[in-house]
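Examination of the molecular architecture
Listed here are the chains, written in short residue letters.
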Amino acid sequence: IQILSQNQGAHLGLIKGFVTAALQRDKAAIDRDSKLIAQYKDETERMRGEVDALRSEGRIFQSRNCSACSHPLDLPSVHFMCSHQGMPCVFHKRCLGDSESECPLCGDEHQRAVNMRSSQQLVERGAVHEGFFRQLASAEGKGFATVADYFGRGLFT
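Cut-offs used in this document
- Positions within a chain are numbered from 1, following the residues in the order the chain's sequence is written.
- Only residues with pLDDT of at least 70 get local features here, since the model is predicted, and only at 80 or more are side-chain atom pairs given and counted; chain-wide, interface and lining totals rely on the full set of residues.
- Hydrogen atoms and water are omitted, and side-chain values are computed over all heavy atoms in the structure.
- Counting from the N terminus, the helices are DSSP H or I runs at least four residues long and the strands are E runs at least two residues long.
- When accessible area is computed with a 1.4 Å probe and restricted to protein chains, residues below 20% of their type maximum are described as buried, those above 50% as exposed, and intermediate ones as partly exposed.
- The contact criterion used throughout is that any non-hydrogen atoms of two residues lie within 4.5 Å.
- Method for areas: the Shrake-Rupley scheme with a 1.4 Å probe, in which residue coverage is limited to the protein chains shown.
- The rule for a salt bridge is simple: a side-chain nitrogen of Lys or Arg has to be within 4 Å of a carboxyl oxygen of Asp or Glu.
- Think of it as the arc spanned by the lines of direction from the helix axis to the C-beta atoms.
- What counts as a disulfide here is a pair of cysteine sulfur atoms lying within 2.5 Å.
- What we call a nonpolar core is a set of buried Ala, Val, Leu, Ile, Met, Phe, Trp, Tyr and Cys residues that are connected through their side-chain atoms within 4.5 Å.
- Values of pLDDT, the confidence the predictor places in each residue, fall between 0 and 100.
- Pairing of N or O atoms within 3.5 Å defines a polar contact, subject to two protein rules: one partner must be a possible hydrogen donor and the other a possible acceptor, and residues neighboring in sequence count only if both atoms are side-chain atoms.
- Each patch groups residues whose relative accessible area exceeds 30% and which form no salt bridge, using 9 Å between like charges and 5 Å between nonpolar side chains of Val, Leu, Ile, Met, Phe, Trp and Tyr.

A few words on the overall build of the protein chain. Counting secondary structure elements, the protein chain contains five helices and two strands. When the helices and strands of the protein chain are read in sequence order from the N terminus, they spell out α-α-β-β-α-α-α. Going through the 157 residues of the protein chain one by one, you find that 12% of them count as buried. Contacts spanning at least 24 positions in sequence make up 20% of the contacts within the protein chain whose residues lie at least 6 apart. Surface exposure of the protein chain reaches about 12,900 Å², of which carbon and sulfur atoms provide 56%.

Turning next to the pattern of salt bridges. Inspection of every chain in the model, using the stated rule, returns four salt bridges. Between Asp31 and Lys27 there is a salt bridge; the shortest N-O distance is 3.1 Å. A residue pair is termed a helical-turn pair when its members lie 3 or 4 positions apart in one helix, as Asp31 and Lys27 do in helix α2 (residues 16–56) at four residues. A relative accessible area of 35% places Asp31 in the partly exposed class.

On to helix α5 (residues 143–152), then. All of the buried residues in α5 are Gly143, Thr146 and Tyr150. For α5, the angular spread of buried residues about the axis comes to 60°, placing them on one side. Exposed side of α5, more than 90 degrees from the buried face: Phe144, Phe151 and Gly152 are the residues found there.

As a further point, take the state of the cysteines. Following the criterion strictly, the structure yields zero disulfides and no others. Not engaged in a disulfide, the cysteine Cys69 finds its nearest cysteine sulfur in Cys95; these two sulfurs lie 3.7 Å apart. The class for Cys95 is partly exposed, based on a relative accessible area of 32%.

Below, the discussion takes up the nonpolar core. Counting seven residues, the largest nonpolar core is built from Cys66, Phe80, Cys89, Phe91, Leu96, Cys103 and Cys106. In this structure, Cys103 is in contact with Phe80, Cys82, Cys89 and Phe91, ignoring residues within four places of it in sequence.

A separate point is the confidence of the model for the protein chain. Residue-level pLDDT values for the protein chain average 80, and 88% of them are 70 or greater. No element of the protein chain has a lower mean pLDDT than helix α1 (residues 2–6), which averages 70, and none a higher one than α2, which averages 91.

What is expected of a backbone is that most residues other than glycine have negative phi and most peptide bonds are trans. Each neighbour pair has its own omega, and for Leu75 with Pro76 the value is -5°, a cis peptide bond. With a phi close to 65°, Ser70 is a non-glycine residue in the positive phi region. Residue placement: Ser70 occurs in the loop between α2 and β1 (77–84).

Examined against the element boundaries, His92 turns out to sit in strand β2 (residues 87–92). Here Pro72 takes part through its backbone oxygen, which lies 2.9 Å from a polar atom of the side chain of His92.

A grouping of Leu54, Phe61 and Met81 is seen on the molecular surface, where their side chains present a nonpolar patch of about 250 Å² in accessible area. One can find Met81 in strand β1.

Rendered as structure tokens:
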């Protein structure tokens, strides 16, 4: 647009289609992002409700069959607080193995959530570190106070 403004023979009509298409793409992206944000908010509220229920209410396990082998349950059995495809996850101890500390059916999903959270924490920590170095560079003789402030807030963990 700046180049067109410098040329007396060119007018805005020459790039009208390009600008319109770019604005439509941007609007579509904003609409998609808005829908995702609303979906994430709803999902977060649902999960918070589930967490509150798990903290305050008892949970009844009525599964009669092992989630791994589908045979009737007998003791010892292990019940996980997750539910795979709407069914509670419960296993014979022998089907689960000795070292299983998380549900083998839902463990991948749980691990993905843990990885997302840790990567988000790394991003946040990176922003903290960038801010620290920016403040340190502009401290002008008060670098120790800046370092002490960050230590005091527990941001170097």
